[in-house]
Protein chains: 2
Amino acid sequence: VTTAAAIIIGDEILSGKVREVNLPVIVDLLHELGVELRRVVVISDAISDIEAEVRHCARTHDVVITSGGVGPTHDDRTMEGVARAFDVPLERHPEIERMIRTYWKDRLTEAALRMADAPRGSRLLYGSDGLLPLVACRNVYVLPGIPKLFAAKIKSLAKEMAGSPQVLQSLFLSADESSIAAVLWQVEREFEEVKIGSYPRLDAVDHRVWVTVEGPHQEQVEQAVARLLELLPEDQVVRVERR
Amino acid sequence: VTTAAAIIIGDEILSGKVREVNLPVIVDLLHELGVELRRVVVISDAISDIEAEVRHCARTHDVVITSGGVGPTHDDRTMEGVARAFDVPLERHPEIERMIRTYWKDRLTEAALRMADAPRGSRLLYGSDGLLPLVACRNVYVLPGIPKLFAAKIKSLAKEMAGSPQVLQSLFLSADESSIAAVLWQVEREFEEVKIGSYPRLDAVDHRVWVTVEGPHQEQVEQAVARLLELLPEDQVVRVERR
């Protein structure tokens, strides 16, 4: 299984000045690709926070995606944090610098050139979006936080990742969750690669609990669903969804 | 300043089966109370993840709020994770047990009683919401993940927290962010307790950058705004918002 972590950077998210909207994009894309998202962290622009979290996530996950903190202003410190996390210097990248000079022309400022700084040894991933390339340092992919740019950049990232999509089937039950807990637990133990989830629904019109059965193999998931249907009281199963 | 961290627990959030909606509620409430949210983490139901993250956050923040993983099923392991984080045993709490027995009556199962388990030494916070009380273990407040229940419970928590509200004023500029970066950086250094943020807006009709000026004291914030207006080109200031 390919595993991923996401680090969302910015005081403005934590203080509520800007609403976080990139997380659902990450979640849906990774799910579709079959990459397992294991951890998401929202942290401030403080350099020590970025450094510590990038170091931790890069060591414990195959892929790390960061969002935010890559603009031209003083509070944009993601690149510096990534560089520190890997103990490499932050350097002006000649290729990005060339692109910025071409685009900004006579409006060029020292601040704009900050966006050409990248950790030593970074790779550039070019997209067909007309934006600056995506910077990848080892297994860390540094994306802009602005939702439109983020969505464009994560597309070029998708090609780099290969996962193993999961099979998901659902049971909708009229039961009280606590009355079926023992059965769910039993069936999960019987099927090694299958994960069973259980989510109470307070507002659903026809059921009270949504039970999910997931795993990498269709056959195992189907067998686990069959086993659940065998053990659960028939009149409590409202419907089964096989996809 | 009172600081807070939030830990959102559940595979279903990371896999996209359930959309996370409690975070905006936490963000807005803490902002209103003047409590500084410094870190948000979304982790799986794995007991080791919960234990490690609760231990880390409880040590480095005044208050920790957890969301999710407190139901009757086998994948609800938040209480156990909190107990391990503080090296205390998980015990059946007689007061919660009494309430569960009263409510569930003859439908009572062993699974329902799992919801009476709490780390030794926990306090109970009663609300007027008719729900089970909120469990607080040291500085960690354990909330249910279901949005309706979460919103109800965080209300009783608000009374426990006292923060110091921040003053926020805004400048909306027609400038390119990189052309004003140096000025923002200079003014932030001039005013010790003031934080300046800068957010490009791709879709706004009348401006290109939103600049925020924040701090605990009205007077300092106003002085910083005045200083910015002095240094920025007049024709690039679209409007100023003083609240």
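Not measured: the values here are computed from a predicted model. (Residues numbered from 1 in each chain as written. Chains lettered and ligands numbered in written order. Predicted model: local features only at pLDDT ≥ 70, side-chain atom pairs only at ≥ 80, totals over all residues. Heavy atoms only, no water.)

## Let's talk about the relation of the copies chain B and chain A
Here is the rule: The copies are overlaid by a least-squares fit using only the C-alpha atoms of residues whose pLDDT is at least 70 in both copies. The contact criterion used throughout is that any non-hydrogen atoms of two residues lie within 4.5 Å.
Expressed as a screw operation, the relation of chain B to chain A combines 0.0 Å of axial shift with a rotation of 180°, fitting to an RMSD of 0.0 Å. Both copies are brought into coincidence by an operation consistent with a two-fold rotation axis. Among all residues of chain B, the minimum C-alpha distance to the rotation axis is found for B:V41, at 2.2 Å. Here 100% of the interface residues in chain B have copies in chain A that are interface residues too; the copies meet face to matching face.

## As for the interface of chain B and chain A
How big an interface is tends to be stated in terms of the accessible area lost upon association of its parts. Put simply, the rule reads: Take the accessible area each of two parts loses on contact, using a 1.4 Å probe, and add the two losses: that sum is the buried area. The term salt bridge refers to a pairing of a side-chain nitrogen on Lys or Arg with a carboxyl oxygen on Asp or Glu at a separation within 4 Å. Any pair of nitrogen or oxygen atoms within 3.5 Å is treated as a polar contact; in protein, a donor-acceptor pairing is required on top of that, and neighbouring residues in sequence qualify only through side-chain atoms on both sides. Each helix is a run of H or I in the DSSP string that is no shorter than four residues. Each strand is a run of E no shorter than two, and both are numbered from the N terminus. Note on residue categories: nonpolar means Ala, Val, Leu, Ile, Met, Phe, Trp, Tyr, Cys or Pro, charged means Asp, Glu, Lys or Arg, and polar means any other residue, Gly included. At least two bridges found by DSSP between two strands are what make those strands a pair.
At the junction of the two partners, chain B supplies 54 residues and chain A supplies 54 residues. Buried surface at the junction of chain B and chain A, both sides included, amounts to about 4,400 Å², of which 57% is carbon and sulfur. With a shortest N-O distance of 3.0 Å, B:D203 and A:K148 are connected by a salt bridge. At the junction of chain B and chain A, the tally comes to 22 residue pairs in polar contact (both at pLDDT 80 or more). At the level of secondary structure, the elements contributing two or more residues to the side of chain B that touches chain A comprise helix 1 (11-14), helix 2 (22-33), strand 2 (36-43), helix 6 (110-113), helix 7 (147-158), helix 8 (177-190), strand 10 (195-200) and strand 11 (209-215) of chain B. Here the side of chain B that touches chain A is composed, by residue class, of 25 nonpolar, 12 polar and 17 charged. With 5 bridges connecting them, strand 2 (residues 36-43) of chain A and strand 2 of chain B associate as antiparallel partners. In the strand pairing of strand 2 of chain B, A:V40 is matched with B:V42.

## Details of the packing of helix 3 (residues 47-60) of chain B against helix 4 (residues 78-85) of chain B
All names here are of chain B. Selection rule: Working convention: axes come from line fits to C-alpha atoms, limited for helices to the stretch in contact. Angles between N-to-C directions cover 0 to 180 degrees. The cut-offs work like this: below 35 degrees is roughly parallel, past 145 is roughly antiparallel, 65 to 115 is roughly perpendicular, and the gaps in between are oblique. Each crossing gets its hand from how the near helix is turned against the far one by less than a right angle, where anticlockwise is left-handed and clockwise is right-handed.
Where helix 3 meets helix 4, the axes come as close as 8 Å, and the angle between the chain directions of the two elements is 50°. With respect to their mutual orientation, helix 3 and helix 4 come out oblique. In this structure, helix 3 meets helix 4 at a crossing whose hand is right-handed. Residues I47, I50, E51, V54 and R55 of helix 3 pack against T78, E80, G81, V82, R84 and A85 of helix 4. The residue inventory of the contact of helix 3 with helix 4, partitioned by class, reads 5 nonpolar, 2 polar and 4 charged.

## A few points about the pairing of strand 8 (residues 140-143) of chain A
Residues and elements named next belong to chain A. Selection criterion: Accessible area is worked out with a 1.4 Å probe on protein chains only. A residue is then buried under 20% of its type maximum, exposed over 50%, and partly exposed in between.
On strand 8, burial covers both faces: V140 and V142 on one face and Y141 and L143 on the other are all buried. Bridge count between strand 3 (residues 63-67) and strand 8: 4 bridges; the pairing is parallel. Bridging across to strand 8, T66 finds its partner in V142. Bridge analysis of strand 7 (residues 134-137) against strand 8 gives 3 bridges, and the strand direction is antiparallel. Looking at strand 8, one finds that V135 is bridged to V142. In sequence, strand 7 turns back onto strand 8 through a hairpin of 2 residues, with R138 there showing a positive phi of about 50°.

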